[in-house]
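Secondary and tertiary structure notes
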Amino acid sequence: HSVSEFLSSAGYNVLEAAVREAALRLAANYHDAIHLMISDVVMPRMSGGQLAECLGKDRPEMKLLFVSGYAEKTVLSHGVLSLAGNFLQKPFGLATLAGKVRSILDAPIAVPVGKQ
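Residues numbered from 1 in each chain as written. Predicted model: local features only at pLDDT ≥ 70, side-chain atom pairs only at ≥ 80, totals over all residues. Heavy atoms only, no water.

**Considering the overall build of the protein**
So the rule is basically this: Numbering of helices and strands runs from the N terminus; a helix is a DSSP stretch of H or I covering at least four residues, while a strand is a stretch of E covering at least two. Any residue under 20% of the maximum accessible area for its type is buried, any over 50% is exposed, and the rest in between are partly exposed; the area is computed with a 1.4 Å probe on protein chains only. A contact between two residues is defined here by any heavy atoms of the two lying within 4.5 Å. Surface exposure here means Shrake-Rupley accessible area, sampled with a 1.4 Å probe, where a residue is shielded only by the protein chains that are shown.
Along the protein, the regular secondary structure elements total five helices and three strands. Each of the 116 residues in the protein was classed as buried or not, and the buried ones make up 30%. Within the protein, residue pairs in contact and separated by at least 24 positions form 56% of the contacts whose partners lie at least 6 positions apart. Total accessible area on the protein is roughly 7,400 Å²; 57% of this is exposed by carbon and sulfur atoms.

**Side note on the packing of helix α2 (residues 20-29) against helix α3 (residues 48-58)**
The line we're drawing: Interaxial angle, 0 to 180 degrees, is taken between N-to-C directions of lines fitted to C-alpha atoms, where a helix line uses only the stretch in contact. Throughout, the term roughly parallel applies to angles under 35 degrees, roughly antiparallel to angles over 145, roughly perpendicular to angles from 65 to 115, and oblique to all others. By the definition used in this description, the sense in which the near helix is turned from the far one sets the handedness, with an anticlockwise turn below a right angle giving left-handed and a clockwise turn giving right-handed. Throughout, the ten residues Ala, Val, Leu, Ile, Met, Phe, Trp, Tyr, Cys and Pro are labelled nonpolar, Asp, Glu, Lys and Arg are labelled charged, and all others, Gly among them, are labelled polar.
Here α2 crosses α3 at 15°, and the two axes come no closer than 11 Å. Relative to α3, α2 is oriented roughly parallel. The handedness of the crossing between α2 and α3 comes out as right-handed. Within the contact between the two elements, α2 uses A23, L24 and A27 and α3 uses L51, C54 and L55. Taken together, the residues that form the contact of α2 with α3 break down as six nonpolar, no polar and no charged.

**Regarding the pairing of strand β2 (residues 63-68)**
Along a regular strand, successive side chains alternate from one face of the sheet to the other. Test applied: Two strands qualify as a pair provided DSSP detects at least 2 bridges between them. With its strands directed away from the observer, a crossover is right-handed exactly when the path from the first strand over the helix to the second travels clockwise.
With respect to burial, β2 is a largely interior element, five of its six residues being buried. Bridge count for strand β1 (residues 36-40) against β2 is five bridges, and the pairing is parallel. Across the sheet, residue D40 finds its bridge partner in β2, namely V67. In the classification by handedness, the crossover that spans β1, the intervening α3 and the parallel β2 is right-handed. Two strands pair when backbone bridges link them, and β2 and strand β3 (residues 87-89) are joined in this way by three bridges, in the parallel orientation. Across the sheet, residue F66 finds its bridge partner in β3, namely F87.

**Some remarks on the nonpolar core**
Threshold: Here the nonpolar core consists of buried residues drawn from Ala, Val, Leu, Ile, Met, Phe, Trp, Tyr and Cys, with membership extended through side-chain atoms lying within 4.5 Å.
If you look at the biggest cluster of nonpolar residues, it comprises 13 residues, and the most contacted ones within it are I34, M37, L51, L55, M62 and F66. Elements represented by at least two residues in this core include exactly α2 and α3. Each residue touching L55, except ones within four places of it in the same chain, is listed here: A23, L24, A27, M37 and M62. By size, the runner-up hydrophobic cluster in this structure holds nine residues, among which are V3, V67, L97 and I104.

**Quick look at the environment of S4**
Along the polypeptide, S4 turns up in helix α1 (residues 2-9). Take S4: its relative accessible area is 11%, and that puts it in the buried class. Between the C-alpha atoms of S4 and E16, which are twelve residues apart in sequence, the distance is 7.0 Å. Those residues within four positions of S4 in sequence are excluded, and the remaining contacts are V14 and E16.

Here you go:
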């Protein structure tokens, strides 16, 4: 996949999964930190938002980047509560992706309400 190859060549350690079951299994068996999950919003059987919720239970520090070719209204209806700062509209270039990934990784981790 060109996105994972690009991110690997930029020095990131990339874990790639084509389907939700593989992503859940991969994350469960990976014992280091996962700093960023990049997911399409609209996927079969589980939305990107639902996948993020499942993975986020054990990895609250994990940041998110959602991508989609669908309009924002459709994206929001698939379990992504907020797109502010963590969304790329398809199609996008690799330079745009690199900039977005870096800005998300460099941003401070948001502390959930009630966890302060």
